[in-house]
Amino acid sequence: MTDLLALPKAELHLHLEGAIRADTAAELAARHGVPAPPTGPFAGLGDFVVAYERARDLIGSLEDLHRVARELVEDAAAQGVVWTEVHLIPRRMPAGWVRGRPCWRRFWTGCAPGPRLSPRRVSSSG
Ligand SMILES: [Zn+2]
């Protein structure tokens, strides 16, 4: 039987905010004094969007953004992802620290490759 984790994969439309780890979301929620967003399964798209928006709203600082971005890359590498097209919705993030090109610059700073990050390519569409 083929080991699916060993096969190379591509993520063609991955929302950063939707890829936040459940334990990271719980930690950030506790820090912000709000309930952690549900992790599913969801009854429908509406419930998913509510959970997504609650997770998105937990990213309240550049440090949070860097952490979520770094963990996204770590998780992708662990799953054999060799190409990731990450999407952000900067207009939903706090004004002043995430806008347009500066947003991407800050995002990539958080994704700076380290010894545990090994995807061969990460695109910047969005
Ligand atoms: Zn989308």
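Residues numbered from 1 in each chain as written. Predicted model: local features only at pLDDT ≥ 70, side-chain atom pairs only at ≥ 80, totals over all residues.

Scanning the protein for helices and strands turns up four helices and three strands. Secondary structure of the protein in N-to-C order comes out as β-α-α-α-β-α-β. Counting the 126 residues in the protein, one finds 21% classified as buried. Sequence-distant contacts, at least 24 apart, represent 79% of the contacts inside the protein between residues at least 6 apart. (Helix = DSSP H or I, 4+ residues; strand = E, 2+ residues; numbered from the N terminus. Buried ≥ 20, exposed ≤ 12 C-beta atoms within 10 Å, placed from the backbone. Contact = placed C-beta atoms within 7 Å.)

Moving on, we come to the nonpolar core. Ranked by internal contacts, the top residues of the largest apolar core, which has 16 residues, are Leu16, Ala25, Leu58, Val68, Ala69 and Leu72. Mapped onto this core, the elements with two or more residues apiece are α1 (22-32), α3 (62-78) and β2 (81-87). A per-element tally of this core places α3 first, with six residues. Among all residues touching Leu58, those that are not within four sequence positions of it are Ala25, Leu28, Ala29 and His32. (Core = buried A, V, L, I, M, F, W, Y, C linked by C-beta atoms within 7 Å.)

Turning our attention to the confidence of the model for the protein. Per-residue confidence for the protein gives a mean pLDDT of 78; residues scoring 70 or more make up 70%. Across the protein, the secondary-structure element scoring lowest on mean pLDDT is strand β3 (residues 121-123), at 44, and the one scoring highest is α1, at 95. Below a pLDDT of 50 lies the segment residues 114-126, which in the model reaches 25 contacts outside its immediate sequence neighbourhood of four places, other chains included. (pLDDT = per-residue confidence, 0-100.)

Moving on, we come to α3. Between its first and last C-alpha atoms α3 spans 24 Å; for 17 residues at 1.5 Å apiece the expected length is 24 Å, and the two agree. Within α3, burial applies to Leu65, Val68, Ala69, Leu72, Val73 and Ala76. Looking straight down α3, one finds that the buried residues subtend no more than 135° of arc, so they occupy a single side. Exposed and oriented more than 90 degrees from the buried face of α3 are Glu63 and Ala78. One or two steps after α3, the chain reaches Gly80, where phi turns positive at roughly 80°. (Expected span 1.5 Å × (residues − 1). Arc of directions from axis to C-beta.)

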